[in-house]
Amino acid sequence: MDSKFCFKKWYNIARLLEEEIMDTLNTPNHLAIILDGNGRWAKKQNKPRTFGHKNGAENVVDIAIHAKKRGVKYLTLYAFSTENWKRPASEVDYLMKLLIKFVEKKIDQLMEEDCRINFLGDLSALPDATRDAVNKALEKTKNNKSLFINIALNYGGRDEIVHAVKKIVEKGYRPDEITEDLISENLYTASIPDPDLLIRPGGELRISNFLIYQIAYSELYFTDVLWPDFDEDELDKALEAFANRNRRFGALDESN
């Protein structure tokens, strides 16, 4: 028998077994990812930072589809923070236009996958054309249900909490009426369950002001792999690591 044929046969069997194992794992209902490392990825290839952002955007749909395949219901992506306005104006302008291109190129594919797009953050500060693209994505995908993709855009965790507190004050609540649930109901993520797993590619070991209220009990996964290189296999590694965690939420582990 041809050795190449044998190798291919056993490789396919191994992949099927791997798929079966992944299907049995405990999958996070809500997965959050910090999209980090685009600029460094481009620099390694002697390319401009914008080249990294372009390839990072291309990776978003691939990872979203794979996450849906693995059983994830909510996917929240940190795309542009309130602090990112400090970057060079040319880079910020590119990122704003990149979102427009992303919606134009990927919206039909996301429709085919029954993905609903939502945005978290202060959208009022966005350029008009970018905000139009945001509204187009919201309207076109509003009835989809298989995967909810939340794109954090002009988002900051502290800014979100300030925004929520202002809403609560404007509604006239007394101090003794303020609860954790009330705060949650006034965040950008109202009606969305808290993340079960937060992934940060890119080698940095910090949260960077992302979902700081919501991730109180989220599992954290850090990897040196840069976002444009974070593929389906890397996501499976993270999901497998999550499946092996023992989430106690402050309680004791009764099995020990």
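Above this text sits the structure in question.
Just so you know, the residues in each chain are numbered from 1, in the order the chain's sequence is written. Where local features are concerned, this predicted model is filtered to residues with pLDDT of at least 70; where side-chain atom pairs are given and counted, the filter is 80 or more; whole-chain, interface and lining totals use all residues. To obtain the side-chain values, all non-hydrogen atoms of the structure were included, while hydrogens and water were left out.

**Observations concerning the overall build of the chain**
Per the secondary structure count, the chain includes 8 helices and 6 strands. Think of it this way: any DSSP run of H or I at least four residues long counts as a helix, any run of E at least two long counts as a strand, and we number them from the N terminus. The N-to-C order of helical and strand elements in the chain reads α-β-α-α-β-α-β-α-β-α-α-β-β-α. Burial status across the chain gives 42% buried among its 256 residues. Contact criterion: two residues are considered in contact whenever any of their non-hydrogen atoms come within 4.5 Å of each other. Look at the contacts in the chain between residues 6 or more apart in sequence, and 77% of them connect residues 24 or more apart. Residue-level accessible areas treat just the shown protein chains as cover; the underlying method is Shrake-Rupley with a 1.4 Å probe. Element-wise, carbon and sulfur atoms account for 51% of the exposed surface of the chain, whose accessible area totals about 14,400 Å². Partly exposed residues are those whose accessible area sits between 20% and 50% of the maximum for their type, while under 20% is buried and over 50% is exposed, using a 1.4 Å probe and protein chains only.

**Here's the deal with a nonpolar patch on the surface**
A surface patch of nonpolar side chains, amounting to about 270 Å² of accessible area, comprises Leu 205, Leu 220 and Phe 222. Tracing the chain through its elements places Phe 222 in strand 6 (residues 219–222). Surface patches are defined over residues having more than 30% relative accessible area and no salt bridge, joining like charges when they lie within 9 Å and nonpolar side chains (Val, Leu, Ile, Met, Phe, Trp, Tyr) when within 5 Å. By convention in these notes, a salt bridge is any Lys or Arg side-chain nitrogen within 4 Å of a carboxyl oxygen on Asp or Glu.

**Some points on the pattern of salt bridges**
Opposite charge on two side chains permits pairing when their charged atoms draw close. This structure, assessed with the given rule, holds 17 salt bridges. Each of Asp 36, Arg 40 and Arg 200 takes part in a single network of salt bridges with overlapping partners.

**Some thoughts on the pairing of strand 1 (residues 30–34)**
Where burial is concerned, most of strand 1 is hidden: 5 out of the 5 residues are buried. When DSSP locates at least two bridges between a pair of strands, those strands are taken to pair. Across 3 bridges, the pairing between strand 1 and strand 5 (residues 197–200) is parallel. Each bridged residue has a counterpart across the sheet, and for Leu 31 the counterpart in strand 5 is Leu 197.

**Some details on the side chain of His 30**
Among the secondary structure elements, His 30 is positioned in strand 1. Of note is the side chain of His 30, whose polar atom sits 2.5 Å from the backbone oxygen of Pro 193. Not counting residues up to four positions away in its chain, the partners in contact with His 30 are Tyr 74, Leu 75, Thr 76, Asn 150, Ile 192, Pro 193, Asp 194, Pro 195, Asp 196 and Leu 197. Any N or O atom pair separated by 3.5 Å or less is treated as a polar contact, with the protein-specific requirement of one donor-capable and one acceptor-capable atom, and with residues adjacent in sequence counted only for side-chain atom pairs.

**Quick notes on unusual backbone geometry**
Its identity as a non-glycine residue notwithstanding, Asp 114 has a phi of 60°, on the positive side. Residue placement: Asp 114 occurs in the loop between helix 4 (89–112) and strand 3 (115–120).

**Considerations on the side chain of Asn 38**
The residue Asn 38 is located in helix 2 (residues 38–44) in this model. Not counting chain neighbours up to four residues away, the residues in contact with Asn 38 comprise Gly 52, His 53, Gly 56, Trp 227 and Pro 228.

**Quick look at the sheet that holds strand 6**
The 6 strands lie next to each other as 3-4-2-1-5-6, forming an open sheet whose pairing is parallel. Two strands close off the open sheet at either side, each with one partner strand: strand 3 and strand 6. Looking at each pair of strands side by side, their axes are set apart by 20° on average, direction ignored. Sitting on the sheet, helix 8 (residues 232–243) is in contact with strand 1, strand 5 and strand 6, with an inclination near 140° to strand 5. Only the contacting stretch of a helix is used when fitting its axis, a line to C-alpha atoms as for every element, and angles between N-to-C directions run 0 to 180 degrees.

**Looking at the nonpolar core**
Leu 31, Ile 33, Phe 119, Ile 149, Leu 153, Ile 199 and Leu 235 are the most contacted members of the largest nonpolar core, which totals 44 residues. Looking at which element gives the most residues to this core, the answer is helix 4, with 10 residues. Of all hydrophobic cores here, the second largest spans 11 residues; its members include Leu 198, Phe 210, Leu 211 and Ile 215. Buried Ala, Val, Leu, Ile, Met, Phe, Trp, Tyr and Cys residues that are joined via side-chain atoms within 4.5 Å together make up what is termed a nonpolar core.

**Some points on the packing of helix 3 (residues 49–69) against helix 8**
Their axes nearest at 10 Å, the elements helix 3 and helix 8 cross at an angle of 45°. What the angle tells us is that helix 3 and helix 8 run oblique. The two elements helix 3 and helix 8 cross, and the hand of that crossing is right-handed. On the side of helix 3, the interface is formed by Asp 62, Ile 63, His 66 and Ala 67, while helix 8 contributes Glu 232, Leu 235 and Asp 236. Across the contact of helix 3 with helix 8, the residue classes break down as 3 nonpolar, 1 polar and 3 charged. Should an angle fall under 35 degrees it is called roughly parallel, over 145 degrees roughly antiparallel, and 65 to 115 degrees roughly perpendicular, with every other angle called oblique. Take the far helix as your reference; a near helix turned counterclockwise from it by less than a right angle gives a left-handed crossing, and one turned clockwise gives a right-handed crossing. Under the scheme applied here, ten amino acids are nonpolar (Ala, Val, Leu, Ile, Met, Phe, Trp, Tyr, Cys and Pro), four are charged (Asp, Glu, Lys and Arg), and all others, including Gly, are polar.

**So, the packing of aromatic side chains**
For any two aromatic rings, the description comes down to two numbers: the centre-to-centre distance and the angle of the planes. What counts as a ring pair is set by centres within 6.5 Å for rings of Phe, Tyr and Trp (its six-membered ring), and what kind of pair is set by the plane angle: stacked under 30 degrees, edge-to-face over 60, tilted for all other angles. Within this structure, the stated rule accounts for 8 aromatic pairs. Centroid distance Tyr 78 to Phe 210: 4.3 Å. Interplanar angle 10°. Geometry classified as stacked. Taken as a pair, Tyr 78 in strand 2 (residues 74–81) and Phe 210 in the loop between strand 5 and strand 6 lie far apart in primary sequence, 132 residues in all. For the residue pair Tyr 78 and Phe 210, the accessibility class agrees, reading buried in each case. In textbook terms, an aromatic cluster arises when at least three aromatic residues are bridged by ring pairs, as seen for Tyr 78, Tyr 155, Tyr 188 and Phe 210. The residue whose ring lies beneath Lys 47 is Phe 51, and the NZ or CZ to ring-centre distance is 5.3 Å. Any Lys NZ or Arg CZ that is within 6 Å of a ring centre and within 35 degrees of that ring's normal is treated as a charge sitting over the ring.

**What to know about the pairing of strand 2**
A large share of strand 2 lies buried, amounting to 7 of its 8 residues. Strand direction decides the pairing type here: strand 1 and strand 2, joined by 5 bridges, are parallel. Counted as the bridge partner of Ile 34 is Tyr 78 from strand 2. Here 7 bridges tie strand 2 to strand 4 (residues 147–155), and the two strands are oriented parallel to one another. Pairing of Thr 76 across the sheet is with Asn 150, part of strand 4.

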